[in-house]
Structures are given as C-alpha cells and as structure tokens.
Amino acid sequence: MTLPQLTLVLGGAKSGKTSGAEGLAIKTGLPKTYVATAQAFDEEMAARIALHRTERGDSWETIEEPLDLAATLRAIASGRVVLVDCLTLWLSNLMAAERDLEYEFDQLISALRDCASPVICVSNEVGMGLVPETPLGREFRDAQGELNQFVGMYADLAIFMVASMHVVLKGKLP
Amino acid sequence: MTLPQLTLVLGGAKSGKTSGAEGLAIKTGLPKTYVATAQAFDEEMAARIALHRTERGDSWETIEEPLDLAATLRAIASGRVVLVDCLTLWLSNLMAAERDLEYEFDQLISALRDCASPVICVSNEVGMGLVPETPLGREFRDAQGELNQFVGMYADLAIFMVASMHVVLKGKLP
Amino acid sequence: MTLPQLTLVLGGAKSGKTSGAEGLAIKTGLPKTYVATAQAFDEEMAARIALHRTERGDSWETIEEPLDLAATLRAIASGRVVLVDCLTLWLSNLMAAERDLEYEFDQLISALRDCASPVICVSNEVGMGLVPETPLGREFRDAQGELNQFVGMYADLAIFMVASMHVVLKGKLP
C-alpha cells in the first residue's frame with residue numbers, strides 16, 4: 001500500500017488513533033520511524049509512554065522529540081514511513097516552552113510537505129465539549145483546533161477515528 | 001450554487017464552522033446577510049468578534065441580534081442568503097436572559113422555515129466530553145444538544161465540520 | 001428489517017442516541033426488551049429515568065440492571081430485540097462498585113455475542129474535550145474509550161449520532 005505525503009489521523013482520547021495510524025504505517029511495508037513527542041513529567045505519563053512502546057514492539061525506529069518536529073522531519077531519509085504521535089502533546093510542549101505558535105505551525109507544515117518520506121500525524125480532537133473554564137484551557141483548545149485545521153488543509157488523506165472505527169474526512173484510503 | 005431553505009453547519013470549537021458556512025454562502029452568489037448573536041461581555045469576546053468581522057470583509061450586511069432571532073429572520077427580504085453565527089451564543093444569551101427555551105426553540109424553527117431567503121445556521125457540538133461538573137454546565141449541554149437535534153430534524157442539509165473538513169450528515173452538498 | 005447480532009449506537013450527550021436506537025429496535029417488528037443501566041442516586045437522575053420511561057411507552061419489557069449485564073443478556077429469550085441503554089452508566093456503576101473492568105468488559109462482549117436475540121448497545125463518546133482535570137475523570141474517559149473500542153471491534157453495525165442524524169461507522173443500515 002502506498003501512502004500520500006501527508007496523512008492526518010484525528011480522534012478523541014482512546015479512540016484508537018495510534019493503532020489506526022500504526023496500521024496504516026505497517027501496510028506500507030516500508031521501514032518505520034516513530035516520532036514520539038511525549039515527555040514524562042510524572043508517573044502517569046511515564047506509564048503511558050512505556051505502555052505505548054511495549055505495544056509497538058521493536059520493529060520501529062523511535063525518535064523522541066518534544067519540540068523541534070520540523071528539524072526532525074527534515075532529517076529523515078527517503079524510503080521510510082514516519083508516524084508523528086502526537087501533535088497534541090507537541091502543542092502542549094510548545095505552549096509550556098512559550099514558543100511562538102504561528103511560527104512553529106508554519107515550520108511544521110513546511111517540513112511535513114518537504115519530508116523525504118510520507119508522514120502520518122496523529123492529533124486529538126479536543127473542541128467538542130463545553131467551553132473550558134480557564135483562559136489557558138480555552139487557549140489550548142483554540143490552538144489545537146487551529147493546528148488541526150492547518151494540518152487538515154494540507155493533508156492528502158485524513159481520517160477521524162471513533163471507537164476503533166474511522167470516517168474518511170479527505171482523500172481515499174489506499 | 002443553490003442552497004435549500006435550511007442548512008446546519010455543526011462542529012466543535014475552532015473546527016472551521018464559520019469558514020465552512022461562509023464558503024457555502026459565497027457560492028450562492030446572492031447578497032449576504034450575517035446575523036451575529038455574539039455579545040461582547042469582556043475583552044476576550046470583543047477581540048473574537050472584531051477578528052471575525054475583519055476576516056469576513058465588508059461584502060456582508062451585518063445584523064447584531066443576541067436574542068430575538070425569529071423576528072430578525074422574518075424581517076429579511078427574499079433573494080438573499082443568511083448566515084446565523086451562532087446558535088450556541090444565542091442559547092447562552094437566552095439562558096442568561098432566563099427566556100423559556102422550549103418557546104424560543106419553536107419560534108426559531110418556525111422562522112427558519114418561513115424566512116424569505118435560505119438560512120445557514122452555525123452551531124457547536126458540546127456534548128462529546130465528560131459530564132460537566134456543574135448543574136448549569138449540564139443544563140447548557142443538554143439544551144444545546146436538544147437545539148441541535150431540533151434544527152437537525154428540520155434541516156435540508158447538514159454538515160459536521162472536523163479540522164476544516166466536513167462530513168455530510170444529511171442532504172447533499174450542491 | 002433484520003438487525004445483525006450486535007449494533008453499537010454511539011454519540012455525545014443529547015445527540016439522539018436513545019431515539020436512534022429505539023427506532024432501529026422498532027423497525028425489526030420484534031418484541032422489545034429495554035435493559036436500563038441507570039440508577040437513581042439523586043433527583044436529577046430520577047427525573048431523567050422517569051422521562052425516558054414515559055417517552056418509551058409501555059410496548060417495551062423493561063429490565064433494570066446496573067451491574068450484571070452479562071447475566072441479564074444470557075437470560076434473554078430468542079426472537080426478541082434488546083436495547084442496552086447505556087454502557088456509559090454501566091461503566092460508571094462498575095467503577096463505583098470497584099469491579100475489575102477488564103474482566104467485566106470480556107464478560108460483556110462474550111454475552112453480547114452469545115445473546116439469543118440481537119442487541120443494540122447505546123454508549124457515549126466522552127473523549128473529544130480537553131483532558132479532564134482529575135485522575136478519576138481521566139480514568140473514566142480512558143475506560144469509556146476502551147469499552148467503546150472493544151464493542152466497536154465486535155459490532156456488526158455501528159452508527160455515530162450527531163444532532164439526531166447519523167454517520168455509519170461500520171456495516172450497513174438495513
């Protein structure tokens with residue numbers, strides 16, 4: 001199976017996004033690079049990261065990069081398939097590091113389009129609940145929505161995961 | 001492009017609902033009326049309103065009406081296309097003004113069906129998170145869901161926006 | 001209309017899940033069993049339960065079972081259609097009773113597949129908002145997502161309700 005340059009796998013928490021994205025990557029038959037954006041700030045997160053790594057097995061090359069995704073993507077060789085998991089933690093890391101989001105989003109899109117190998121981005125839908133109570137919550141929700149829209153606009157293929165199943169938002173599953 | 005009488009554009013926060021709805025309105029080629037339900041209670045909201053107005057440009061006639069949507073819709077001439085943005089802020093205004101929601105919803109549906117020009121309503125999906133912690137939160141979430149269902153039942157065309165992309169829920173995009 | 005063995009009706013709060021599921025059950029023309037998982041802990045919940053019962057009318061056999069769904073499903077005769085409403089309250093009851101979720105989920109899936117009559121399960125999507133603030137909130141959201149994925153994997157038919165309308169996630173509406 002051949003994937004287009006940019007695939008977006010969007011979904012709620014525990015919707016099967018990562019499994020869905022991994023399934024797409026595996027079907028390409030190409031060597032796989034997993035770009036992990038998670039940072040283990042506490043035990044709960046460390047446990048999640050360890051669990052994901054175990055589930056993935058060791059047929060993946062893993063790169064941990066919490067912030068500089070663009071540089072990471074530009075350094076990847078051709079002939080591979082790349083899974084970025086996930087843009088939500090990346091955004092959270094950017095905000096904690098007080099980076100300029102508009103600049104970072106532009107850099108990301110540009111690197112996603114230039115990457116020598118096709119890239120699958122996993123991201124969370126976070127805007128379908130009530131308005132968050134805190135300004136930071138609203139800021140995060142809005143930035144995540146803008147990032148998802150931005151990646152969605154440039155994606156060749158986009159799927160929305162719901163309870164392990166998917167709805168095609170754009171393009172056609174190969 | 002011809003739109004049917006009632007179109008619903010539903011989606012989460014920052015999903016591209018307004019842009020999607022504006023795109024539909026523009027494609028009709030008809031003179032456009034924008035019915036804004038937002039009220040600037042604080043600076044954050046004032047900034048959002050101003051940003052939306054700038055993005056929209058001045059090819060739109062704008063009517064600001066936080067509460068009496070039905071009367072506003074009945075006063076609109078034929079030969080135009082109307083965008084109501086959005087039902088979520090309208091609901092929030094109704095609840096703050098302690099209006100009778102059942103009565104207001106009935107009045108709205110009736111005016112949407114009678115409006116001399118086709119109407120596109122933008123509304124938020126707010127019920128896909130955890131149960132809100134406060135009774136007011138649960139009341140708002142439930143009322144929004146009921147309003148969305150009500151408009152959905154009478155809509156000729158309904159789309160669900162996700163990350164700037166859409167899923168057709170009802171009817172067929174012209 | 002004939003339903004397959006297992007149908008999942010998923011959706012946000014007040015999305016029309018129960019009505020959608022009831023509509024499917026009614027169209028089978030079979031005698032109907034309603035399995036209610038709700039428990040009236042307070043007046044707000046008691047009012048919701050009473051409202052649902054009134055709306056449903058008395059053409060339904062009702063079984064109230066907050067916890068032991070598997071045993072309930074195994075006791076149902078053939079030639080009926082069963083509606084379980086809903087898995088979200090069941091999960092909430094399991095967590096309050098400190099049951100082993102993995103064991104209970106396995107028992108449920110097994111009973112859903114063995115039930116002598118076709119079953120429609122209603123469940124909530126709760127993972128499309130921001131990360132919940134409390135560990136319990138995150139635990140519930142994750143468990144609900146895992147349960148929905150699990151039932152989704154075994155479902156023959158799955159629909160996602162949005163504002164009284166639906167998107168087919170799996171299978172084909174008869």
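Basis of the calculations
- Residues numbered from 1 in each chain as written.
- Chains lettered and ligands numbered in written order.
- Predicted model: local features only at pLDDT ≥ 70, side-chain atom pairs only at ≥ 80, totals over all residues.
- Heavy atoms only, no water.
- Pairing = 2+ DSSP bridges.
- Helix = DSSP H or I, 4+ residues; strand = E, 2+ residues; numbered from the N terminus.
- Axes fitted to C-alpha atoms, helices over the stretch in contact; angles between N-to-C directions.
- Contact = heavy atoms within 4.5 Å.
- Phe/Tyr/Trp six-rings, centres within 6.5 Å; stacked < 30°, edge-to-face > 60°.
- Buried < 20%, exposed > 50% of the residue type's maximum accessible area, 1.4 Å probe, protein only.
- Lys NZ or Arg CZ within 6 Å of the ring centre and 35° of its normal.

Concerning the sheet that holds strand 1 (residues 6–11) of chain A
Residues and elements named next belong to chain A.
Turning to step 1, where the next piece is worked out: Pairing within the open sheet is mixed, and its 7 strands lie in the order 3-2-4-5-1-6-7. One side of each edge strand has no neighbouring strand; the edge strands of this open sheet are strand 3 (60–64) and strand 7 (165–170). For this sheet, the mean angle separating the axes of adjacent strands, direction not counted, is 20°.
Turning to step 2, where the next piece is worked out: Each of strand 1, strand 2 (32–36), strand 3, strand 4 (81–85), strand 5 (119–124) and strand 6 (157–162) is contacted by helix 1 (residues 17–27), which is oriented at about 175° to strand 5, the strand it contacts most.

Examining the packing of aromatic side chains
Turning to step 1, where the next piece is worked out: The tally for this structure, following the rule as stated, stands at 9 aromatic pairs over all chains.
Turning to step 2, where the next piece is worked out: Taking the centre distance of 6.1 Å and the plane angle of 40° together, the rings of A:Trp90 and A:Phe105 count as tilted. Highlighted residues: A:Trp90 in helix 4 (residues 87–96) and A:Phe105 in helix 5 (residues 101–114), separated in sequence by 15 residues.
Turning to step 3, where the next piece is worked out: Residue classification places A:Trp90 among the buried positions, given a relative accessible area of 1%.
Turning to step 4, where the next piece is worked out: In this structure A:Phe105 comes out as buried when scored by relative accessible area, which is 7%.
Turning to step 5, where the next piece is worked out: Ring centres 5.7 Å apart and planes at 70° place the aromatic pair B:Phe150 and B:Tyr154 in the edge-to-face group. Of this pair, B:Phe150 and B:Tyr154 both sit in helix 6 (residues 135–154), 4 residues apart, which is roughly one turn of that helix.
Turning to step 6, where the next piece is worked out: Under the relative-accessibility criterion, B:Tyr154 is labelled partly exposed at 33%.
Turning to step 7, where the next piece is worked out: When the ring centre of B:Trp60 is taken as reference, the NZ or CZ atom of B:Lys32 above it lies at 5.3 Å.

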